[in-house]
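# Residue-level structure breakdown
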Amino acid sequence: SAAEKGGHEYFMLKEIEEQPEALANSLRGHFSGGRVVLDEQRISDQDLRDIDKVFVIACGSAYHSGLVAKYAIEHWCRLPVEVELASEFRYRDPVLDRDTLVVAVSQSGETMDTLEAVRHAREQKARVLAVCNTNGAQIPRESDAVLYTHAGPEIGVASTKAFLAQIAANYLVGLALAQARGTKYPDEVGREFAELEAMPKAVEQVLSTVGQVRELGARLADSKAVLFLGRHVGYPVALEGALKLKELAYMHAEGFAAGELKHGPIALIEKDLPVVVVMPSPRGRAVLHAKLVSNISEIQARGARTVVIAEEGDETVRPFADELIEVPAVSTLLQPLVSTVPLQVLAAEIARTRGYDVDKPRNLAKSVTVE
Ligand code: G6P
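Scope of this entry: the structure provided in the associated data block. (Residues numbered from 1 in each chain as written. Predicted model: local features only at pLDDT ≥ 70, side-chain atom pairs only at ≥ 80, totals over all residues.)

Glancing now at the pairing of strand E6 (residues 100-106). Across the seven residues that make up E6, a large majority, seven, are buried. The alternating pattern of E6 places Thr100, Val102, Ala104 and Ser106 and Leu101, Val103 and Val105 on opposite faces, both of which are buried. Two elements, strand E4 (residues 53-58) and E6, share five bridges in a ladder whose sense is parallel. By the bridge assignment, isoleucine 57 is partnered in E6 with alanine 104. Where the polypeptide runs from E6 across helix H6 (residues 112-123) and back to strand E7 (residues 127-132), its parallel neighbour, the crossover connection is right-handed. (Buried ≥ 20, exposed ≤ 12 C-beta atoms within 10 Å, placed from the backbone. Helix = DSSP H or I, 4+ residues; strand = E, 2+ residues; numbered from the N terminus. Pairing = 2+ DSSP bridges. Right-handed = clockwise from strand over helix to strand, strands pointing away.)

This part covers helix H12 (residues 234-249). Between the first and last C-alpha of H12 there are 22 Å, a value that for 16 residues agrees with the 22 Å anticipated at 1.5 Å per step. Burial within H12 is extensive, with 15 of its 16 residues counted as buried. Downstream of H12 by a residue or two, tyrosine 250 has a phi angle that is positive, lying close to 55 degrees. (Expected span 1.5 Å × (residues − 1).)

Further remarks concern the environment of glycine 241. Position of glycine 241 among the secondary structure elements: in helix H12. The exposure class assigned to glycine 241 is buried, which follows from the 30 C-beta atoms found within 10 Å. Sequence separation between glycine 241 and histidine 64 is 177 residues; the distance between their C-alpha atoms is 10 Å. Sequence-distant contacts of glycine 241, that is, excluding residues within four places in its chain, are made with Phe228, Gly255, Val276 and Leu343. (Contact = placed C-beta atoms within 7 Å.)

Let us now look at the environment of leucine 333. Relative to the helices and strands, leucine 333 is located in the loop between strand E13 (323-327) and helix H14 (336-353). Between the alpha carbons of leucine 333 and proline 280 there is a distance of 9.8 Å; along the sequence they are 53 residues apart. Leaving out residues up to four positions away in the same chain, leucine 333 has contacts with Tyr71, Ala72, His75 and Val233.

Two elements in contact, helix H2 (residues 19-27) and helix H8 (residues 161-181), have axes separated by 9 Å at closest approach and are oriented at 35 degrees. Remark: the crossing between H2 and H8 carries right-handed chirality. Facing H2, whose interface residues are Gln19, Ala22, Leu23, Ser26 and Leu27, H8 presents Lys161, Leu164, Ala165, Ala168 and Ala169. Counted by class, the contact of H2 with H8 contains seven nonpolar, two polar and one charged residues. (Axes fitted to C-alpha atoms, helices over the stretch in contact; angles between N-to-C directions. Left-handed = near helix turned anticlockwise from the far one by under 90°. Nonpolar A, V, L, I, M, F, W, Y, C, P; charged D, E, K, R; others polar.)

A word on helix H11 (residues 211-220). Residues Val213, Leu216, Gly217 and Leu220 constitute the buried set of H11. Here the buried residues of H11 occupy an arc of 105 degrees about the axis, which is enough to place them on one side. Structural note: H11 exposes Gly211 and Glu215 on the side pointing more than 90 degrees away from its buried face. Against strand E9 (225-230), strand E11 (274-278), strand E12 (305-311), E13 and H14 lie the buried residues of H11. (Arc of directions from axis to C-beta.)

Pairing in this open sheet of six strands is mixed, and the strands run E3-E8-E7-E6-E4-E5 from one edge to the other. A strand with exactly one partner marks an edge of an open sheet, and here the two such strands are strand E3 (40-41) and strand E5 (81-85). Helix-sheet contacts for H6 involve E4, E6 and E7, and the interaxial angle to E6 is about 165 degrees. Contacts from H8 reach E6, E7 and strand E8 (145-148), with the element oriented near 145 degrees to E7.

Turning next to the sheet that holds E12. Read from one edge of the open sheet, five strands run E10-E9-E11-E12-E13, paired in parallel fashion. The sheet is open, and its two edges are formed by strand E10 (252-257) and E13, each paired on a single side. Strand-to-strand, the axes of this sheet are offset by a mean angle of 20 degrees, without reference to chain direction. Of the pairings in the sheet, the one linking E11 to E12 comprises five bridges and is parallel in character. Each residue of the ladder has a partner; that of proline 274, found in E12, is arginine 305. Sheet strands touched by helix H13 (residues 286-301): E9, E11 and E12. Its angle to E12, the strand with the most contacts, is close to 160 degrees.

Pasting the structure below:
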């Protein structure tokens, strides 16, 4: 009913709006006595300290949350991190031992490929930490440590609030590892956590401005394809934006690392093609920001329609943006929590305009419990 959907036409639209709450609930209780705390830990603190390599394994949007985690964990912990699709990981011969931490990210906790990857990792004595939105699901049951996200039940097949909660939880995993290894002082961990706690408000601010994105979505609904470009943590955001559009609007959409533009994607640029660019902060990542501006000007010179997601007050990018979508300034690593939101709204609105059921995209299942 409409009431269940909070007055929205689709659950997904309601779930997009629930993201500040999903984030706040997922952070609550995880910083206590000056320390980041997991929900369950069946390995010792010493085991965590001894970790010398991290794999993040997941499928779909959860995999994109893992790509974001790589930037944070490597930066905070000085540990090498590989992110891999669970379906690939388990059929390779990954090098694992008891000092490897495998972070399995799964909203449902029942995705078969992720579960089998967990089993594969444990057979080789790796430690497994589950990030999961479903209490007592199979993946957390078979893991050595668990961090639950509290996004609440997600009805829309395409993940939104659970995805944002996964990103937040992955940051907490990074902070827990940094604290165990001593690569961050307790007060630094506390400061990072405080920044995370400010994110629900920042997401709320994004949500208050999505009218512009809706209107843009309606205008882009006839496009044949949409490209998404980003760098650093904006790269996984671009991948997620493209995935959402494929899933919901059945449109050809590709996400690219902007630095690869010259190595192929630029051949796809043609007149009126919408290209969504996720800009890094001009303060936090000035060098990357300048490179992106140069990418956008090349794209625009070839007649594409540039849709730019940028930090508010970023004036340098304005001349190159046919459409400028502003998000609040947050620290570089946390930017995906704000920049993903307009892309979710864009995909939903394009799909709605095209007349598709946003909650139940064709051929897709909420959780894939077969291989
Ligand atoms: C399906 C869903 C996606 C989800 C993926 C992984 O493909 O449609 O939204 O990201 O499964 O699900 P999980 O429950 O493991 O996070």
